[in-house]
There are 2 protein chains.
Amino acid sequence: MTSPKLQTTVDVASMAERARSAGRSLARADRNALLLAMGRQLKAHQAEILAANAEDLASATGTVAAALLDRLMLNEKRLDAIITGLHQVAALPDPLGEVLEGRTLSNGLLLQKVRVPLGVIGVVYESRPNVTVDVAALCLKAGSAVLLRGSATALHSNRALIQAIRVALAEQGLDPDCVQLVDDPDRASVTALLGLRGKLDLIIPRGGSGLINHVVENSLVPVVETGIGNCHVYLDDSADPQMASDIVFNAKVQRPSVCNAAEKLLIHQAIAPALLPSICTRLAQAKVEIRGCERTRALYPTAKPAATSDWDMEYLDLIIGVRVVDSLEDAIGHINRHGSQHSEAIVTQNYAHAEKFLAEVDAAAVYVNASTRFTDGFEFGLGAEVGISTQKLHARGPMGLRDLTTTKYLVRGSGQIRQ
Amino acid sequence: MTSPKLQTTVDVASMAERARSAGRSLARADRNALLLAMGRQLKAHQAEILAANAEDLASATGTVAAALLDRLMLNEKRLDAIITGLHQVAALPDPLGEVLEGRTLSNGLLLQKVRVPLGVIGVVYESRPNVTVDVAALCLKAGSAVLLRGSATALHSNRALIQAIRVALAEQGLDPDCVQLVDDPDRASVTALLGLRGKLDLIIPRGGSGLINHVVENSLVPVVETGIGNCHVYLDDSADPQMASDIVFNAKVQRPSVCNAAEKLLIHQAIAPALLPSICTRLAQAKVEIRGCERTRALYPTAKPAATSDWDMEYLDLIIGVRVVDSLEDAIGHINRHGSQHSEAIVTQNYAHAEKFLAEVDAAAVYVNASTRFTDGFEFGLGAEVGISTQKLHARGPMGLRDLTTTKYLVRGSGQIRQ
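Residues numbered from 1 in each chain as written. Chains lettered and ligands numbered in written order. Predicted model: local features only at pLDDT ≥ 70, side-chain atom pairs only at ≥ 80, totals over all residues.

A. How the structure looks around the overall build of chain A. Along its length, chain A carries 14 helices and 16 strands. For chain A, whose C-alpha radius of gyration is 24 Å, the value lies close to the compact-globule estimate of 22 Å for 419 residues. Here the C-alpha coordinates of chain A stretch approximately 70 × 70 × 35 Å along the principal axes. Here chain A, with 419 residues, has 52% of them falling under the buried criterion. For chain A, contacts bridging at least 24 residues in sequence account for 71% of all contacts bridging at least 6. (Helix = DSSP H or I, 4+ residues; strand = E, 2+ residues; numbered from the N terminus. Rg over C-alpha atoms; globule rule 2.2 N^0.38 Å. Buried ≥ 20, exposed ≤ 12 C-beta atoms within 10 Å, placed from the backbone. Contact = placed C-beta atoms within 7 Å.)

B. Inspection of the packing of helix α6 (residues 130-141) of chain A against helix α7 (residues 155-171) of chain A at higher detail. Residues and elements named next belong to chain A. Running from N to C, α6 and α7 cross one another at 30 degrees; their axes reach a closest spacing of 9 Å. Classified by the interaxial angle, the pair formed by α6 and α7 is roughly parallel. Seen from above, α6 lies across α7 with right-handed handedness. Contacts between α6 and α7 involve Thr132, Val133 and Ala136 from the former and Asn158, Leu161, Ile162 and Ile165 from the latter. Across the contact of α6 with α7, the residue classes break down as 5 nonpolar, 2 polar and no charged. (Axes fitted to C-alpha atoms, helices over the stretch in contact; angles between N-to-C directions. Parallel < 35°, antiparallel > 145°, perpendicular 65-115°, else oblique. Left-handed = near helix turned anticlockwise from the far one by under 90°. Nonpolar A, V, L, I, M, F, W, Y, C, P; charged D, E, K, R; others polar.)

C. Layout of the relation of the copies chain A and chain B. With an axial shift of 0.0 Å and an RMSD of 0.0 Å, the rotation relating chain A to chain B amounts to 180 degrees. When the rotation and shift are considered jointly, the pair of chain copies conforms to a two-fold rotation axis. Using C-alpha coordinates, one finds that chain A approaches the rotation axis most closely at His394 of chain A, a distance of 1.9 Å. (Least-squares fit on C-alpha atoms with pLDDT ≥ 70 in both.)

D. Examining the interface of chain A and chain B more closely. Counting residues at the interface gives 52 residues for chain A and 52 residues for chain B. The set of elements that each furnish at least two residues to the side of chain A that touches chain B consists of α9 (209-218), α10 (241-253), β13 (365-370) and β16 (405-416) of chain A. Here the side of chain A that touches chain B gets 11 residues from one element, more than from any other, and that element is β16 of chain A. Along the lines of polarity and charge, the residues of the side of chain A that touches chain B split into 25 nonpolar, 15 polar and 12 charged.

E. Structural context of the sheet that holds strand β5 (residues 179-181) of chain A. Residues and elements named next belong to chain A. Overall, parallel pairing links the 4 strands, which are arranged β5-β4-β3-β6 in an open sheet. The open sheet is flanked by β5 and β6 (202-206), the only strands paired with a single partner. Between one strand and the next, the sheet's axes are offset by a mean angle of 20 degrees, whatever the strand orientation. Alignment of strand β3 (residues 120-125) against strand β4 (residues 145-149), held across 5 bridges, turns out to be parallel. Opposite Ile121, over in β4, you have Val146 as the bridge partner. (Pairing = 2+ DSSP bridges.)

F. Representation of the environment of Asn158 of chain B within the structure. Residues and elements named next belong to chain B. Along the chain, the position of Asn158 falls in helix α7 (residues 155-171). Taking the C-alpha atoms as reference points, Asn158 and Glu329, 171 residues apart in sequence, are found 49 Å from one another. For Asn158, the residues in contact, after removing those within four places along its chain, are Pro129, Thr132, Leu148, Gly150 and Leu181.

G. Structural view of the pairing of β6 of chain A. All names here are of chain A. The element β6 is extensively covered by neighbouring structure, given that 5 of its 5 residues are classed as buried. Burial of the side chains of β6 extends over both faces: Leu202, Ile204 and Arg206 are buried on one face and Ile203 and Pro205 on the other. Both β3 and β6 contribute to a ladder of 5 bridges, which runs parallel. Looking at the pairing, Val124 lines up with Pro205 of β6.

H. Broad picture of the pairing of strand β1 (residues 99-104) of chain A. Residue and element names in this part refer to chain A. The buried fraction of β1 is low, at 0 of 6 residues. The sheet contact formed by β1 and strand β2 (residues 110-117) spans 5 bridges and is antiparallel. From the neighbouring strand, Arg103 faces β2, where its bridge partner is Leu111. Linking β1 to β2, which pair antiparallel, is a turn of 5 residues; within it Gly108 sits at a positive phi near 95 degrees.

I. Inspection of the sheet that holds strand β12 (residues 343-347) of chain A at higher detail. Across the sheet, 10 strands lie side by side as β10(A)-β9(A)-β11(A)-β8(A)-β7(A)-β12(A)-β13(A)-β16(B)-β2(B)-β1(B); this open sheet has mixed pairing. In the strand order of this sheet, the two ends are held by β10 (304-305) of chain A together with β1 (99-104) of chain B, each with one partner. Relative to strand β16 (residues 405-416) of chain B, β13 of chain A runs parallel, the two sharing 5 bridges. Note on β16 of chain B: the bridge partner recorded for Tyr367 of chain A is Val411 of chain B. Taken strand by strand, helix α13 (residues 328-338) of chain A contacts β7 (231-235), β8 (262-268), β11 (319-325) and β12 of chain A, and its axis lies near 140 degrees from that of β11 of chain A. Against the sheet, helix α14 (residues 351-360) of chain A engages β12 and β13 of chain A together with β16 of chain B, with an angle of about 160 degrees to β13 of chain A.

J. Geometry of the confidence of the model for chain A. Residue and element names in this part refer to chain A. Summary statistics for chain A give a mean pLDDT of 94 and a share of 98% for residues scoring 70 or more. Across residues 1-8, where pLDDT falls below 50, the model places 14 contacts with residues more than four positions away in sequence or in other chains. Both scores are given for the predicted complex: the pTM is 0.90, the ipTM 0.91. (pLDDT = per-residue confidence, 0-100.)

K. How the structure looks around the environment of Ala352 of chain B. When you line up the elements, Ala352 of chain B lands in helix α14 (residues 351-360). Spatially, the C-alpha atom of Ala352 of chain B lies 46 Å from that of Leu194 of chain B, the residues being 158 residues apart in sequence.

Structure, rendered in structure tokens:
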């Protein structure tokens, strides 16, 4: 068998056309066998993949931060973890073919709404090479072809990973063009993808707010926005003190760099004197910088003053904005004004307050007495996720395999015509 | 009670902010009582509405086609039909609060995915004033506020209709800003709406392809495209001749101006000699212009030659493109290449061919042995529809009340933190 050629052209329109044609056979193929074959080929290509990654690391060293270098780095252990991820996706239920609705109309037509592949998905993402394999696996399992546009930093790694995936596609009798790398690190290639109305069915940007805004502002293709999280924990006047402290600490400190970490703490004025100083002290001991409103600083004078802009910021760091609020209504109003509609939590013992918060806070996930850190496809039982949608259309919250599909109506008749 | 002022500013950003604030109480309001109150107020304001409509008709006479004038015209009977429509929407099941999924996670968190309002919807549409009331009713029933941007031709009618709706909102103790008219006939007001990222949750364009393309190409707000239909009927080699003729005739002639009417006829070569001449003759007798491929013209010489561009066109008129195809595969390939993914039909007695067509044709609705004309919210049992989506994200096919909602995850805990 000759190895399929790696796609290097940047004629994204014809890439998308080839992807559509290649992807038509996916819905009827054994997609789980394909994922396992991808795992075997990644292992078989391990030497090339790690060599390519070493090249990326060598170019990046000295030009990017240490944390970013670590995210870029692959080794045997990490490649094995990626392969384990493929096995996990293979074990998930097949999203395709599910009958979502069905009824017989009064004229005898049998109507069914069934889940089918989207077609061709574009994913634009930053640095981490594991995303290349994770996203390809989810798209293929959902029956769609995918165009992957990774970052310049990971270009050699992505070439090697996608080459292995394409070998696996060929081995399974499928067209390698089901997975193609947009092999051009220039932003022009992103812009070209965004113009492919009618040729791409969905664009998913995964990365910082700069990338996401660029995609939303320039795309003619439908977009699902992922990931900005300015999440709040609100401590109601009836909050259990120990639970309140534990949830705030967990939501802020357990992994501050992710989108479901808390960025803001709101405390009811009635319990602020009793709770705020001890919680802030506990956070400060974990090296969290406290930025407080005036009432916060009156109770915890070492807090820095919060600027107006703080209330809208996603820090992704050991920083928290703290504000004393007058009431539950004040807290809900603040969250609906400043939140990013990602994950919001109340800590309360009051039933009516819990239900009001659940009903009135406008976000993908609203919690009572739990950490915001649970907003995640694995935690929610969806299996792997392709991102966390903060928009309201198509998918909201963790996007699993089902959110990478669409539906169609099948209508079976016996000669019905409309009167 | 003083009548609420009609919204006349074109500061669309602050209109959207007022709409969001006004709409927050809708989910908990008696929205069915509101729809009935709207009906009463439309009747109470009948004189003003018909006078305003007469003004629009006077301005339009002589400048637009007679068919368009007819679509613009309101009279007592048509207003009563609009009011009956409100009663029908009131009778539909409430889409809000439905629990779509629910489970208890292994850590004890109770997770529920529930249906909630979108928030603020923008609708940009052309001429027919009944759309103003229909769309407002569907958005309100789905718990969302709405900004309506109708056409210049219907401006006075829309002002009067929306004034009556706002009186009904006030009468029910709701904020009239739940329904606002973007009272500026200039296209700049459409462009301003399209820029309201974060302030509008959805834009729906209803109208011709010029309007829809303008919206898709310029919107930063998520869009659901509606309505372009280049629909096909394919007659398989095993088609029942009478059923084939009846379905083609119905799909083309029963109402040629709508998006689910057939625009193209594909006939298997094996039955073309027996079927094509009689079907074309029957269509021609109903004043349908036949544009055929070469093989069609060999069998039916009075057909005009079809141009290459014909295969991609939506005529919305008594015109049909006819092509003889070699096989089922040829028909599916033609449809997937040239169709607009709206409604596609096969007429066949062959089980395997029926199933292959259903599986492989990529469209919102795929039919076996029935007219494409059934793709419609009422016919499909969804109740009233806000349009027919031809995109794959969020809604595909007839968009009912559910498609005007989003979901959120409610998570009830007892102090859970993430390890």
